[in-house]
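Overview (structure and organization)
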Amino acid sequence: KRDSKFAELTPEHVKWFRETLGTDSAILDGVNQDAGDDMEPFNSDWMRKYRGHAKLVVKPGNTEEVSKILKYCNDNMLAVVPQGGNTGLVGGSVPVFDEIVINLARMNQIRSFDDVSGILVADGGVILEVADNFLAEKNHIFPLDLGAKGSCQIGGNVATNAGGLRLLRYGSLHGNVLGLEAVLPDGTIVDDLCKLRKNNTGYDIKQLFIGGEGTIGIITGISILCPQRSNALNVAYFGLESFEKVQEAFREAKNQLGEILSAFELMDGRSQKLYNTASGNRLPLEGEHPFYCLIETSGSNTEHDQEKLEAFLEHVMGEEIVSDGVVAQDQTQIKELWGCREGVPEHLGHWGGVYKYDLSIPIGEMYSLVEECRERMMKAGLLGDSEDKPVVDVVGYGHMGDANLHLNVPVRRYDKAVEKELEPWVYEWVQKRHGSISAEHGLGIAKKPFIGYSRSETMVRLYKQIKDLYDPNGIMNPYKYI
Ligand code: FAD
Ligand code: MLT
Ligand code: ZN
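Source: prediction; values computed, not measured.

A tally of regular secondary structure across the protein gives 17 helices and 16 strands. Since a compact globule built from 482 residues should have a radius of gyration of about 23 Å, the 23 Å found for the protein is in line with a globular shape. The principal-axis extents of the C-alpha atoms in the protein amount to approximately 70 × 60 × 45 Å. Going through the 482 residues of the protein one by one, you find that 50% of them count as buried.

See below:
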């Protein structure tokens, strides 16, 4: 239900925004005019599962404008939703009702880069891939990579504390982000764009914004530590018989590739089959395997690393840990192998929709959830090849290196009966194993009701206190998170 404490937008409000932002391209006005389809991309999420009814989208061009906008909204009790690339997977980046969308796309400048320290300072609206391409020219790398890199923004990445494909090598944004510039709902600009690796002077307040999902302020600038780019990138893709073998392979990879290992990703056979069907792209190996893994190494010597990777593969195949495998021979093949992993989320949507769960689970038990979930769907008569069955399949993939499973249930249509089988069953399953119901995507609106499965009442009370402190009027991304 829409909270009646929030004001409804009037033409006078819009007039103020128009005058303040100065340029017509910075505003999408559905109050005075019919914005038609133009509003749609800002109102609906990547999965097309959540749809809001914003009548106004504003695109500030700098931090001062963000400050003016938020102060005005706060003074006038206008609710807002911060929006980056709108690639989030929990419905956090779109309005629930008529919140004003504050989209950061125009704040896309690199502010500075120091190639000795590797510290990058950039606007929150810089697209991740743009930041990484800029760094590539300087022989550095952004310490985060994910399938949505072409659209997601670094401000959105920080706001969600995105994990991604190389966390096992470069660690979490909680460690790599050195400083932030953020705007509070009352317009205060928090200038904490620290460029120091060490700074133990008081509370580390930026951490509240990292993973804060736009509930206490808008991130307008980021200072981040970027590692040197490796000269050599090698990728292997292999098939395995069981999840036990996947674990053995992971142990061996850490053992033999330790310092050069930069990704260890898992895809079950079903996710690969669906990727193959939906994309039309061939799979790299002959035959079918119940599990596949993708390993990436980043080191300083291509030949040396490739030898290491080939020796690893030979060893694990000799020991019958791995059934079959391939090492990419050139850039095209590296792309093709990564495509089999990165392309999974997009192509699972092919049949109509997907129920997505992003979970941290003790590594040994990670895959049992997928098996149990599939059995559950079968038993309920919901899974099958025919059109009358809503569920296409139950699949698992994810960041094996971080014990982060993506349980996905692709469906022909969203269906209450499927939902009832999945929730809260999945969350109870995870709770019993002391896992997390949100490993890297956040809570947004999708996971908000289930926070209690991963966080105690005391923790939730502390969250509320922080929210009330920073956003006493509750205008920032309401109806989500807390
Ligand atoms: P949005 O979707 O626009 O917003 C996400 C949340 O952050 C919202 O709550 C929004 O209000 C808030 N927000 C956005 N910008 C700001 C800001 N400047 N200040 C304050 N709050 C803000 N996620 C992973 O963790 N790992 C993955 O491997 C991964 N892979 C993905 C692959 C695909 C194909 C897709 C579609 C998504 C994937 N994601 C992944 C999820 C998503 O891309 C990330 O959560 C990403 O960090 C979101 O960035 P964004 O700019 O699109 O943010
Ligand atoms: C991924 O790892 O591919 C992303 O987190 C997206 C997803 O969960 O589908
Ligand atoms: Zn992921």
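Neither face of strand S4 (residues 100–103) is open: one carries Ile-100 and Ile-102, the other Val-101 and Asn-103, and all of them are buried. Across four bridges, strand S3 (residues 80–83) lies against S4 in parallel orientation. Across the sheet, Val-80 pairs through a bridge with Ile-100, a residue of S4.

Here we take up unusual backbone geometry. A negative phi angle is the norm for most residues apart from glycine, just as the trans form is the norm for most peptide bonds. Note that the residue after Glu-423, namely Pro-424, is joined by a cis bond; omega there is 10°. Residue position: Pro-424 is located in the loop between helix H15 (416–422) and helix H16 (425–432). For Glu-213, which is not a glycine, the phi torsion comes out positive at approximately 55°. Position of Glu-213 relative to the elements: it lies in the loop between helix H8 (206–209) and strand S9 (218–225).

Attention now moves to the site of ligand 2. Taken together, Gly-147, Pro-345, Lys-356, Asp-358, Gly-398 and His-406 are the residues near ligand 2. Looking at the shell around ligand 2, its residues break down into one nonpolar, three polar and two charged.

Attention now goes to helix H12 (residues 331–342). Here H12 spans 16 Å end to end across twelve residues, near enough to the 16 Å set by a 1.5 Å rise per residue. Turning to H12, its buried residues are Leu-337, Trp-338, Cys-340 and Arg-341. In an axial view of H12, the angular spread of the buried residues amounts to 145°, which keeps them on one side of the axis. Structural note: H12 exposes Gln-331, Thr-332 and Lys-335 on the side pointing more than 90 degrees away from its buried face. Here the buried face of H12 lies against strand S10 (232–240), strand S11 (261–268), helix H10 (269–279), strand S12 (291–299) and helix H13 (344–348).

Taken together, 38 residues lie near ligand 1, and Gly-84, Gly-88, Gly-92, Gly-155 and Gly-156 sit nearest. Those elements that provide at least two residues to the shell around ligand 1 are S3, helix H5 (154–160), S9 and H13. Broken down by element, the shell around ligand 1 gets its largest block of residues, five residues, from H5. Its residues placed into classes, the shell around ligand 1 shows 14 nonpolar, 21 polar and three charged.

Right, let's get into the sheet that holds strand S14 (residues 353–360). Reading across from one edge, S13-S10-S12-S11-S15-S16-S14 is the order of the seven strands in this open sheet, with antiparallel pairing throughout. Two strands in the sheet have a free side with no partner beyond their single neighbour: strand S13 (324–327) and S14. Going across the sheet, the axis of each strand differs from the next one's by a mean of 15°, ignoring polarity. Packed on one face of the sheet, helix H14 (residues 368–379) meets S11, strand S15 (395–399) and strand S16 (404–411) and runs near 20° to S16.

Here we come to the domain arrangement of the protein. The assigned domain composition of the protein is domain 1 (110–225), domain 2 (232–344) and domain 3 (352–441). Here domain 1 and domain 2 have C-alpha centroids that lie 30 Å from each other. On the domain 2 side, the residues contacting the five residues of domain 1 number seven residues. When its residues are assigned to classes, the side of domain 1 that touches domain 2 shows two nonpolar, one polar and two charged.

Conventions we followed
Residues numbered from 1 in each chain as written. Chains lettered and ligands numbered in written order. Predicted model: local features only at pLDDT ≥ 70, side-chain atom pairs only at ≥ 80, totals over all residues. Helix = DSSP H or I, 4+ residues; strand = E, 2+ residues; numbered from the N terminus. Rg over C-alpha atoms; globule rule 2.2 N^0.38 Å. Buried ≥ 20, exposed ≤ 12 C-beta atoms within 10 Å, placed from the backbone. Pairing = 2+ DSSP bridges. Near = placed C-beta within 6 Å. Nonpolar A, V, L, I, M, F, W, Y, C, P; charged D, E, K, R; others polar. Expected span 1.5 Å × (residues − 1). Arc of directions from axis to C-beta. Contact = placed C-beta atoms within 7 Å. Axes fitted to C-alpha atoms, helices over the stretch in contact; angles between N-to-C directions. Domains from an automatic or database assignment.

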